[in-house]
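# Reading the structure
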2 protein chains.
Amino acid sequence: MGETQLGRMQFRIMQVLWDRQRANAREITEALNEAEPVAHSTVQTLLRQLEAKGAVGHEAEDRTFVFFPRLKEDRVKRTAARELIDRVFGGNVGGLVAHLVKNERLSRDELDALHRLIDQSQQD
Amino acid sequence: MGETQLGRMQFRIMQVLWDRQRANAREITEALNEAEPVAHSTVQTLLRQLEAKGAVGHEAEDRTFVFFPRLKEDRVKRTAARELIDRVFGGNVGGLVAHLVKNERLSRDELDALHRLIDQSQQD
DNA sequence: AGTTGTTGTTTACCATAGTAAATCTACATT
DNA sequence: AATGTAGATTTACTATGGTAAACAACAACT
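Model, not experiment: these values are computed from the prediction.

What counts and what doesn't
- Residues numbered from 1 in each chain as written.
- Chains lettered and ligands numbered in written order.
- Predicted model: local features only at pLDDT ≥ 70, side-chain atom pairs only at ≥ 80, totals over all residues.
- Heavy atoms only, no water.
- Helix = DSSP H or I, 4+ residues; strand = E, 2+ residues; numbered from the N terminus.
- Rg over C-alpha atoms; globule rule 2.2 N^0.38 Å.
- Buried < 20%, exposed > 50% of the residue type's maximum accessible area, 1.4 Å probe, protein only.
- Contact = heavy atoms within 4.5 Å.
- Areas by Shrake-Rupley, 256 points an atom, 1.4 Å probe, with all protein chains shown as cover.
- Near = heavy atom within 4 Å.
- Polar contact = N/O pair within 3.5 Å; in protein donor to acceptor, adjacent residues only side chain to side chain.
- Phe/Tyr/Trp six-rings, centres within 6.5 Å; stacked < 30°, edge-to-face > 60°.
- Domains from an automatic or database assignment.
- Pairing = 2+ DSSP bridges.
- Axes fitted to C-alpha atoms, helices over the stretch in contact; angles between N-to-C directions.

### Some thoughts on the overall build of chain A
Helix and strand counts for chain A come out as six helices and three strands. A globule of 124 residues ought to have a C-alpha radius of gyration of about 14 Å, yet chain A, at 18 Å, is considerably larger. Once the C-alpha set of chain A is aligned to its principal axes, its extents read approximately 50 × 35 × 30 Å. Across the 124 residues of chain A, 42% fall into the buried class. Of all intrachain contacts in chain A linking residues separated by at least 6 positions in sequence, the fraction that spans at least 24 positions is 47%. Accessible area for chain A stands at about 7,300 Å²; split by element, carbon and sulfur atoms hold 45% of it.

### Here's the deal with the protein's contact with DNA strand C
Close to DNA strand C lie 20 residues; Arg26 and Phe65 of chain A together with Arg8, Met9 and Thr45 of chain B are nearest. When atoms of DNA strand C within 4 Å of the protein are sorted by moiety, sugar and phosphate together comprise 60%. Between DNA strand C and Gln10 of chain B, the relevant distance is 3.3 Å, taken from a phosphate oxygen to a main-chain nitrogen or oxygen of the residue. Contact distances for DNA strand C include 2.7 Å between a base nitrogen and a side-chain N or O atom of Thr45 of chain B. Going through the elements one at a time, helix H2 (25-35), helix H3 (40-52) and strand S3 (64-69) of chain A together with helix H1 (8-20) and helix H3 (40-52) of chain B are the ones with two or more residues in the surface near DNA strand C.

### What to know about the packing of aromatic side chains
Residues and elements named next belong to chain B. Counting across every chain of the model gives four aromatic pairs over all chains. Aromatic side chains Phe65 and Phe67 sit 6.4 Å apart centroid to centroid with 70° between the ring planes, which places their arrangement in the edge-to-face category. A relative accessible area of 42% places Phe65 in the partly exposed class. Look at Phe67 and you get buried, because its relative accessible area is 8%.

### What to know about the protein's contact with DNA strand D
Inspection of the region around DNA strand D gives 19 residues, with Arg8, Met9, Thr45 and Lys53 of chain A together with Phe65 of chain B positioned closest. Across the atoms of DNA strand D situated within 4 Å of the protein, the share located in sugar and phosphate is 62%. In the model, a base nitrogen of DNA strand D is placed 3.3 Å from a nitrogen or oxygen of the Ser41 of chain A side chain. One nitrogen or oxygen atom from the side chain of Arg26 of chain B is found 3.2 Å from a phosphate oxygen belonging to DNA strand D. Within the residue set of the surface near DNA strand D, elements represented by two or more residues are helix H1 (8-20) and H3 of chain A together with helix H2 (25-35), H3 and strand S3 (64-69) of chain B. Looking at the surface near DNA strand D, the element that brings in the most residues is H3 of chain A, giving five residues.

### Re the domain arrangement of chain A
Under the domain assignment, chain A is made up of domain 1 (8-69) and domain 2 (73-121). For domain 1 of chain A and domain 2 of chain A, the distance between their C-alpha centroids amounts to 29 Å.

### Quick word on the environment of Leu114 of chain B
All names here are of chain B. By secondary structure assignment, the location of Leu114 is in helix H6 (residues 108-121). Leu114 gets classed as buried once you look at its relative accessible area, which sits at 3%. Here the alpha-carbon distance between Leu114 and Glu59, two residues 55 residues apart in the chain, equals 41 Å.

### Observations regarding the sheet that holds S3 of chain A
Residues and elements named next belong to chain A. Ordered in space as S1-S3-S2, the three strands form an open sheet in which the pairing is antiparallel. Edge positions in the sheet fall to strand S1 (23-24) and strand S2 (56-61), since each of these pairs with one other strand and no more. Pairing geometry for S2 and S3, over six bridges, is antiparallel. Opposite His58, over in S3, you have Phe67 as the bridge partner. Sitting on the sheet, H1 touches S1, S2 and S3, and the angle it makes with S3 is about 90°.

If you want it as structure tokens, here you go:
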């Protein structure tokens, strides 16, 4: 069941939680508002949705709910990447990578880092 | 304006069109049904949506509409990849690539090919 | 005690994707 | 001419994400 399919804002909320481990709704709203205005009640609705799908949990503390992530950042990112690979690149990871190298201008540093990553991953 | 945001099925229809250049609704339905059952009227609705957003065009031929892609495959794939990079990896291409190398098992061949692509892209 | 502010809950709307039946339209075949 | 068939168009419904106001409960301040 848990397909871990997150929308744009839902994902941004998760990022705040991965960052802080725990945060109440107000704190999340404020963190999001640093970058982009969003109403507090919107954030609360999204938290509700996220909880409904098991992406976050909460515990009451004092009068307020403190939320925490139930999904691991890596896991969610992996799912998102997989999603793209399957839908757009026919399930072929290499297709995506080739596309990136060809179309997304990588800096010299990024290319070097990539080189290193590849070499390293060839060890095992 | 044209944000070129395609859904799952919409994308699959585009793939058929990129494949064949031109096709009528019936042909598209049949092509899709090779892999996954979908009602013809559904395909028609999706074609309508795609046309509304400028992703496909059509011209009458005989009694039927022949559809063709209005968007380039590369362009759409690029947008999709960008989308993931922005939402999930904070706009950092390297982040995605690192993630891929770390989490998506690439075959020896893929890694070699990747090596070559990188070297090549360092020329310009 | 009454007002204010915070927090959570309920309710409501809109857009988009996906699904598909129902209907219209026009030609082809009998 | 009647009927059937294929295609297009209309209509409808569900799910999800995003947006947010309205409301209720309660603590705190004056």
